[in-house]
Amino acid sequence: MYKLNFNFLNRYGDMLIDGMKTTLLIVFGCLIIGFLLGTVLALCRQSHNKLIKGTATIFVDILRNTPFLVQLFFFYYGLPVLGIQTGPIPTAIIALGINTSAQNCEIIRSGLMAVKKEYYECAAALGYGKVQTLQLFVLPIAFRLAFKSLVNNFINLVLTSSVCFSITVVETMGAAKIIVGRTSRPFEIYLLILLCYCIFTYIISFLAKLVDKKIHIVL
Amino acid sequence: MYIQRTTNDNYESLIHDITGKVGKEMAMIEVKNVTKSFGTLTVLKNFNVEFNQEGVTVLLGPSGTGKSTLLRCINGLETVDEGDILVNGRSVKEKKNLRDIRLDCGMVFQRTVLFPHLNVMQNLTMSPVKLLKMDKAKAEEKAIYYLKKVGLESKAKALHNELSGGEQQRIAIARALMMNPKALLLDEITSALDPEMTSEVLKILENLAAEGVCMLCVTHEMQFAKHAASRIIFMDKGSMEADVTAEEFFSTVRKENERIAKFLNFIGE
Ligand SMILES: Nc1ncnc2c1ncn2[C@@H]1O[C@H](COP(=O)(O)OP(=O)(O)OP(=O)(O)O)[C@@H](O)[C@H]1O
Ligand SMILES: [Mg+2]
């Protein structure tokens, strides 16, 4: 019978915690990029300007139809050839943030499409300009409609962030791998970080439910 | 030409605004030789009409004759192909005038939407606060005044899906009035409602009419037209068929004009 042994935590606990902090840094960085860029992309895809719409569509399609790991390697190992070089963590944030923005784009776009013509006309008839209509009515409505899916996407993002260890980022997974190498306790360590990811995503889901209760709307 | 809008200190004077006259020789809304087509379908043909800021004008006519299109052209939701429409001297053809035109003409639609992420109070106060830079507290005070007017002061916190269709229309009327429009453009605002709700809404309109709010309404409610309208315009196939006082319309005109007689018979009047 295998005996669990978590003694490695005494020595490597701090390393694991630092790894988790890095994970948090990456996911919140990506959350912001993913949300802002995702919104911009969604608006571009709704644009009447063919060039803007086409560019955004191609951009999103490429990102959605290629593996994230390959995107990550492209950013980290490919782009430096062109002289674009950033450290592992910034690269992870940028690559994963852009990847998330493509997923968010589609979700936000479906929210935007649910805002029917009547809302635009009603706002116009009240005297609002285009930008104000977007800012005060269309986007708030679209975000609320998209909220649940955006949260699912965020959870996906948290889980996917573990892939970033492969470009030498010492986030949770990276730290775990190093500790495994030094202690040969893979069962305990991977079990532990599985639980950590699980708890973290549970907390996010729980908070999201609370928020959703507040902002939920029906059209 | 540009009239600066200001927020007044108390709503008494704000109320006065909507009944006050424009104070110019010209008509408030001048529709001059307007032609409007959708593809090959010409909906308005060389249409001419003027509206002063007075009383209730009812637009009547069979379905598809361009009544909605006329109202939508007046506040710039549709562009006119030929001719021009001036609202307080401002042409709807100039994009920069649209905001002022829309502030002058409050519009309520058949299928109203209240903004779903805002409660009733927020639906009412947002526009004066954002567009007229009215103080929030003052806007709320004013909102309560209009909520009372439409009999819904108890619903200030409600969301749109907690209101009946008739209540939503009454809120939409209040929302339009919050902006001190010089006229209200109402497009069949009761036709999606059941009879009970219809009478609730019409009652509000009659009260507003009695207070002197200027309205331009498309409606099939003949009782309302008889009670509240001072002027009746009958449109058919994009042209003006009659433009008369309500008394004339329901006495002499309906006897003399075949098409009007037919229309009134058709809608059971
Ligand atoms: N956006 C549009 N595109 C194409 N055709 C339109 C459009 N809006 C209106 N029409 C057509 O223009 C004609 C006039 O429409 P309008 O809505 O002004 O009629 P109406 O007098 O308001 O009729 P109703 O009493 O049924 O509301 C109709 O035949 C309609 O199908
Ligand atoms: Mg109509």
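Refer to the structure printed above.
Residues numbered from 1 in each chain as written. Chains lettered and ligands numbered in written order. Predicted model: local features only at pLDDT ≥ 70, side-chain atom pairs only at ≥ 80, totals over all residues. Heavy atoms only, no water.

A. Structural view of helix H1 (residues 8-46) of chain A. End to end, H1(A) covers 53 Å across 39 residues, agreeing with the expected 57 Å (1.5 Å per residue, within 8%). In H1(A), a bend of some 35 degrees at Asp14(A) exceeds every other bend along the element. (Helix = DSSP H or I, 4+ residues; strand = E, 2+ residues; numbered from the N terminus. Expected span 1.5 Å × (residues − 1). Bend = angle between axes of the 7 residues up to and from the residue.)

B. Region of interest: the interface of chain A and chain B. Taken together, the contact pairs 19 residues of chain A with 24 residues of chain B. Here chain A and chain B share an interface that buries about 2,000 Å² over both sides, 67% of which is from carbon and sulfur atoms. Across the chain A-chain B interface, the total number found is two salt bridges. In this structure, the salt-bridge partner of Glu121(A) is Arg72(B), at a minimum N-O distance of 2.5 Å. Summed over the shared surface of chain A and chain B, the number is five residue pairs in polar contact (both at pLDDT 80 or more). The set of elements that each furnish at least two residues to the side of chain A that touches chain B consists of helix H5 (117-126) and helix H6 (130-160) of chain A. It is H5(A) that contributes the most residues to the side of chain A that touches chain B, eight residues altogether. Tallied by class, the residues present in the side of chain A that touches chain B amount to 14 nonpolar, two polar and three charged. (Contact = heavy atoms within 4.5 Å. Buried area = accessible area lost by both parts, 1.4 Å probe. Salt bridge = Lys/Arg side-chain N within 4 Å of Asp/Glu carboxyl O. Polar contact = N/O pair within 3.5 Å; in protein donor to acceptor, adjacent residues only side chain to side chain. Nonpolar A, V, L, I, M, F, W, Y, C, P; charged D, E, K, R; others polar.)

C. Inspection of the sheet that holds strand S8 (residues 215-218) of chain B at higher detail. All names here are of chain B. Ordered in space as S6-S7-S8-S3-S9-S10, the six strands form an open sheet in which the pairing is mixed. Each edge of the sheet is formed by a strand with only one pairing partner; in this case those strands are strand S6 (105-108) and strand S10 (239-245). Each strand of the sheet is rotated relative to its neighbour by a mean of 15 degrees, with strand direction disregarded. Pairing analysis gives four bridges linking strand S3 (residues 56-60) to strand S9 (residues 231-236), with the strands arranged parallel. The residue bridging threonine 57 from the neighbouring strand is arginine 231, located in S9. Here helix H10 (residues 258-266) sits on the sheet in contact with S3, S9 and S10, set at roughly 95 degrees to S9. (Pairing = 2+ DSSP bridges. Axes fitted to C-alpha atoms, helices over the stretch in contact; angles between N-to-C directions.)

D. The sheet that holds strand S4 (residues 82-87) of chain B, seen in detail. Residues and elements named next belong to chain B. Reading across the sheet, the four strands line up as S2-S1-S4-S5 and stay open at both edges, with antiparallel pairing between neighbours. Each edge of the open sheet is held by one strand with a lone partner, namely strand S2 (41-51) and strand S5 (90-91). Here S4 pairs with S5 via two bridges, running antiparallel. Looking at the pairing, valine 87 lines up with arginine 90 of S5.

E. Focus on the environment of Glu140(B). Residues and elements named next belong to chain B. Within the secondary structure, glutamate 140 sits in helix H5 (residues 136-149). Overall, glutamate 140 belongs to the partly exposed group, its relative accessible area being 28%. Residues glutamate 140 and valine 129 lie eleven residues apart in sequence; the distance between their C-alpha atoms is 9.6 Å. Among residues more than four places away in sequence, those in contact with glutamate 140 are Met121 and Thr125. (Buried < 20%, exposed > 50% of the residue type's maximum accessible area, 1.4 Å probe, protein only.)

The values reported here are purely geometric and, on their own, carry no functional implication.
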